[in-house]
Amino acid sequence: MRRSNGVFTPQERKTAIWALLMAGLIAALGLFAQQYSQPSVGPGGIDAYATASTPGVLDAQPVLDLSNPLG
């Protein structure tokens, strides 16, 4: 009875299993750390993103009239 499939040695299969387990562990730890950490908002903090609306601007308007592009 053969103990090998002829492609990989038992040591190579063992190494591959360990590599997959380690990659899974690193991915799980990354997800765990991401779940319990605060997102980075830069040096100004969340207040840096708060801006006042521009007076007189109600909605975005197209610059060109696309219904009549040539004239």
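Residues numbered from 1 in each chain as written. Predicted model: local features only at pLDDT ≥ 70, side-chain atom pairs only at ≥ 80, totals over all residues. Heavy atoms only, no water.

Novice: Which residues make up the overall build of the protein chain, and what values do they have?
Specialist: Helix and strand content of the protein chain: 1 helix and 0 strands. When burial is assessed residue by residue, the protein chain has 1% of its 71 residues classed as buried. Looking at the protein chain as shown, the accessible area adds up to about 7,300 Å², and 64% of this sits on carbon and sulfur atoms. (Helix = DSSP H or I, 4+ residues; strand = E, 2+ residues; numbered from the N terminus. Buried < 20%, exposed > 50% of the residue type's maximum accessible area, 1.4 Å probe, protein only. Areas by Shrake-Rupley, 256 points an atom, 1.4 Å probe, with all protein chains shown as cover.)

Novice: Give a description of the packing of aromatic side chains that names residues and reports values.
Specialist: Inspection of the entire model under this criterion finds 1 aromatic pair. Ring plane angle 55° and centroid distance 5.0 Å describe the contact between F32 and Y36, whose orientation is recorded as tilted. With a relative accessible area of 54%, F32 lands in the exposed category. According to the relative accessible area criterion, Y36 is exposed, its value standing at 64%. (Phe/Tyr/Trp six-rings, centres within 6.5 Å; stacked < 30°, edge-to-face > 60°.)

Novice: Provide a residue-level description of a nonpolar patch on the surface, including the pertinent values.
Specialist: Nonpolar side chains collect at one region of the surface, where I17, W18, L21, M22, L25 and L29 lie side by side and expose about 620 Å² of accessible area between them. Positionally, M22 belongs in helix α1 (residues 10–35). (Patch = residues over 30% accessible without salt bridge, like charges linked within 9 Å, V, L, I, M, F, W, Y side chains within 5 Å. Salt bridge = Lys/Arg side-chain N within 4 Å of Asp/Glu carboxyl O.)

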